[in-house]
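Next come the chains, spelled out residue by residue.
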Amino acid sequence: MAAHPQTRSLLGRRGKLALDETLASLVVDGYLAADDAKQVRMGARSGRSAIELHPLVLIANAKLPNQREPGRPLSLENLTEWLAGAAKLAYLKIDPMKINAAAVTQVVSHAYAQRHRILPVAATPGEVTFATCEPFEEAWAADLSHMLRRDVRRVVSNPLDINRYLQEFYGVQRSIQMAQDAKSNGGYDTAAILNFEQLVELGKAGEVGADDRHVVHIVDWLLQYAFEQRASDIHLEPRREAGLIRFRIDGVMHKVFELPPPVMTAVTARIKILARMDVAEKRRPQDGRIKTRSSTGREVELRISNMPTAFGEKVVMRIFDPDIVAKDFGQLGFSATEAETWRSMVERPHGVVLVTGPTGSGKTTTLYSTLKHLATPEINVCTVEDPIEMVSPEFNQMQVQTSIDLDFASGVRTLLRQDPDIIMVGEIRDLETAQMAVQASLTGHLVLSTLHTNDAPSAVTRLLDLGVPHYLIQSTLTGVVAQRLVRTLCPHCKKEAEQDPHEWAALIHGWSLPLPERVFRPVGCLECRNTGFTGRTGIYEMMRLSPRLRGLISAQLDLGRFGAGALAEGMRPLRISAAEQVARGLTTVQEVLTVLPPIDTIDAE
């Protein structure tokens with residue numbers, strides 16, 4: 001959004017932004033109605049807020065209609081972009097994941113940055129870029145350029161972001177420095193205690209106390225930051241020179257931060273304390289969990305796993321946000337037909353229903369969402385999991401404990417004596433668990449579980465391979481759902497595009513599905529961090545066992561014939577579910593082709 005050519009009251013002046021002049025310029029440029037500007041002016045004079053708040057924040061808080069874009073309020077980002085155009089400077093939406101906080105905070109002190117309300121966002125040997133919300137105050141730039149002996153480039157960013165990241169970047173960096181200096185007498189030159197290079201560096205390594213308040217601050221900031229960025233996993237990876245912190249967002253890894261090795265060790269120790277793990281044990285992998293609150297106040301669970309590596313303990317924290325893990329069927333990505341098929345499978349009084357797919361394909365979300373849907377006060381829902389993914393008050397959940405011989409099979413055996421209506425088994429891994437699941441179904445229970453197979457028909461051959469007799473599969477298996485997760489296009493920036501017929505043909509692979517009339521391509525904007533995608537949705541292959549399909553199950557099952565039979569009985573393969581999501585404008589052919597299994601024996605006839 002460029003500045004209107006008539007913006008004169010701002011362009012000609014120097015100094016701090018004033019509310020009256022800003023309002024006048026917005027009226028001249030056609031963004032604000034004169035009456036709305038008057039209302040803001042009077043409101044500001046009646047209170048003290050005009051002194052405390054930046055003029056753009058004051059105007060944005062009024063939520064006034066944008067005269068240039070009817071139906072949409074004038075947002076702070078709109079106003080900031082307009083201000084950048086008025087000042088003839090570049091506009092920047094600050095993305096903290098693209099800023100090297102350790103480097104930029106070395107450029108100027110926190111006090112100096114705060115005094116001038118500027119935030120360093122990029123630094124090279126020849127140039128430093130500062131974000132400002134006062135583009136007509138220029139004196140500091142010349143002074144800094146002289147002191148730093150580098151060019152100073154100014155960009156305009158929204159005042160709330162500048163204030164927030166000033167506190168965060170400098171606060172976290174100070175905590176890291178203090179944590180590193182906490183035992184400076186010991187001399188930190190290398191990585192942590194557990195290191196293959198320990199012999200070379202004996203006597204130089206020490207540990208920062210895990211209860212140190214600076215380390216506590218770093219961990220607290222890290223968790224809140226991950227929740228805000230919609231991360232599904234946090235990876236803490238020790239390295240020789242500097243430990244890496246990476247987030248997985250929408251299935252893709254993003255580097256977020258670097259920590260000095262001793263601080264990484266202290267952060268790991270703090271997380272182990274929170275997760276009730278053995279802090280002293282550094283050689284053996286451990287699991288734990290943390291329950292905490294996000295900044296919005298909702299409870300979030302984290303599952304912690306650590307393992308020894310060459311340079312210390314690697315920690316992975318998987319985030320289970322209740323708002324994400326438990327969804328209704330529409331949010332899972334089911335079409336109307338798929339939702340109906342799924343309900344017909346899981347709303348039966350008994351039978352075995354399997355969800356299959358690789359790790360990270362959304363099986364847990366599907367199962368938890370289904371159990372939440374089924375768990376009424378009249379029904380007893382019990383689960384046996386390894387580990388319990390998310391503690392839910394609606395279910396009775398049991399954790400597998402291999403150290404005391406409490407495995408899936410013995411867990412199901414115990415649950416059968418607990419008068420259950422529905423049993424969820426985390427995963428069928430062996431014959432004993434499969435037999436117990438079948439037994440539970442035969443005695444009148446609904447059993448939900450997961451398997452790792454590429455497609456739905458392969459689940460039957462997997463059960464046969466485990467050793468389950470074919471006649472028991474015939475009588476108990478209700479249906480199988482194979483699934484994958486695909487990234488969804490950002491609704492704010494996706495653009496219409498032409499579908500390449502060759503790509504479409506590769507996706508539908510012989511099925512007669514017409515080329516969609518409208519498809520979209522990713523573009524990239526502030527909302528999606530310039531990736532073009534935000535969030536993920538499921539694609540599904542639903543195989544309900546009909547009498548004809550049951551008749552095809554035998555000890556010597558021909559998977560190709562069985563798969564063809566499933567297609568003839570109405571099963572639609574994953575690629576057709578994916579093609580429908582493309583036709584709905586939710587994703588792209590290139591995106592779904594990255595997650596679909598290879599074309600093999602199961603083809604359309």
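Residues numbered from 1 in each chain as written. Predicted model: local features only at pLDDT ≥ 70, side-chain atom pairs only at ≥ 80, totals over all residues. Heavy atoms only, no water.

Novice: Where do I start with helix α11 (residues 261–274) in this structure?
Specialist: Residues spaced three or four apart along an α-helix face the same direction, because each turn holds 3.6 residues. Taking 1.5 Å per residue, 14 residues should reach 20 Å; α11 reaches 20 Å between its end C-alpha atoms and fits that length. Judged by how many residues are buried, α11 sits mostly within the fold: 12 of 14 residues are covered. Within α11, the full set of buried residues consists of Pro 261, Pro 262, Val 263, Met 264, Thr 265, Ala 266, Val 267, Thr 268, Ala 269, Arg 270, Ile 271 and Lys 272. The first or second residue beyond α11 is Arg 276, which carries a positive phi of 55°. (Helix = DSSP H or I, 4+ residues; strand = E, 2+ residues; numbered from the N terminus. Expected span 1.5 Å × (residues − 1). Buried < 20%, exposed > 50% of the residue type's maximum accessible area, 1.4 Å probe, protein only.)

Novice: Explain the sheet that holds strand β12 (residues 381–385) to me, please; I cannot follow it from the model alone.
Specialist: Within a sheet, each strand pairs with its neighbour through backbone hydrogen bonds, oriented either parallel or antiparallel. Reading across the sheet, the seven strands line up as β13-β12-β14-β15-β11-β16-β19 and stay open at both edges, with mixed pairing between neighbours. The open sheet terminates on both sides in strands that have one partner only, identified here as β13 (396–399) and β19 (533–544). This sheet shows a mean twist of 20° between the axes of neighbouring strands, independent of strand direction. As defined by bridge partners, β12 adjoins strand β14 (residues 422–425) across four bridges and the pair is classed as parallel. Bridging from a neighbouring strand, Thr 383 pairs with Met 424 of β14. Sheet strands touched by helix α14 (residues 336–346): β11 (351–356), β15 (446–451), β16 (477–489) and β19. Its angle to β19, the strand with the most contacts, is close to 55°. (Pairing = 2+ DSSP bridges. Axes fitted to C-alpha atoms, helices over the stretch in contact; angles between N-to-C directions. Contact = heavy atoms within 4.5 Å.)

Novice: I keep staring at the sheet that holds strand β2 (residues 118–123) and nothing clicks. Help me out?
Specialist: Pairing in this open sheet of four strands is mixed, and the strands run β1-β4-β3-β2 from one edge to the other. At either end of the open sheet lies a strand with only one pairing partner, and these are β1 (90–91) and β2. Bridge analysis of strand β3 (residues 127–132) against strand β4 (residues 151–156) gives six bridges, and the strand direction is parallel. Bridging from a neighbouring strand, Phe 130 pairs with Arg 154 of β4.

Novice: Whenever I open this one, the packing of aromatic side chains confuses me. Can you help?
Specialist: Here a ring pair, both rings aromatic, is described through the centre-centre distance and the interplanar angle of the planes. Considering all chains together, one arrives at eight aromatic pairs under this definition. Seen in terms of ring centroids, Phe 334 and Tyr 540 are 4.4 Å apart; in terms of plane orientation they differ by 55°. Their pairing is tilted. In this pair, Phe 334 is assigned in the loop between α13 (329–332) and α14 and Tyr 540 in strand β19, connecting sequence segments 206 residues apart. Ring centres of Tyr 368 and Phe 395 lie 6.1 Å apart, and the angle between their planes is 40°; this geometry places the pair in the tilted category. Linking Tyr 368 in helix α15 (residues 363–374) with Phe 395 in the loop between β12 and β13, this pair joins segments that are 27 residues apart in sequence. By the burial criterion, Tyr 368 is buried, and Phe 395 matches it. Aromatic rings pair up to connect Trp 221, Tyr 225, Phe 247 and Phe 257 into one cluster. Above the ring of Tyr 31, the side-chain terminus of Arg 68 is found at 4.3 Å from the ring centroid. The ring of Phe 520 carries Lys 494 above its face, with NZ or CZ at 4.6 Å from the centroid. (Phe/Tyr/Trp six-rings, centres within 6.5 Å; stacked < 30°, edge-to-face > 60°. Lys NZ or Arg CZ within 6 Å of the ring centre and 35° of its normal.)

Novice: Could you clarify how one ought to interpret the nonpolar core in this entry?
Specialist: Across soluble globular proteins, nonpolar side chains show a tendency to be buried alongside one another. Membership of the largest hydrophobic core comes to 60 residues, with the highest contact counts inside it found for Ile 234, Leu 236, Ile 245, Phe 247 and Met 317. For this core, the leading source of residues is helix α10 (residues 213–228), giving nine residues. For Ile 245, the residues in contact, after removing those within four places along its chain, are Leu 222, Ile 234, His 235, Leu 236, His 254, Lys 255, Val 256, Phe 257, Leu 259 and Met 264. Within the second largest apolar cluster, 41 residues are counted, among which are Ile 423, Val 447, Leu 464 and Val 480. (Core = buried A, V, L, I, M, F, W, Y, C linked by side-chain atoms within 4.5 Å.)

Novice: For this particular structure, what's the right way to read the pattern of salt bridges?
Specialist: Note on pairing: side chains with opposite charge can pair once their charged atoms come close. For the structure shown, the criterion picks out 29 salt bridges. Linking Asp 95 and Lys 98 is a salt bridge whose minimum nitrogen-to-oxygen distance equals 4.0 Å. A salt bridge links Glu 427 to Arg 429; the nearest nitrogen and oxygen atoms lie 3.3 Å apart. (Salt bridge = Lys/Arg side-chain N within 4 Å of Asp/Glu carboxyl O.)

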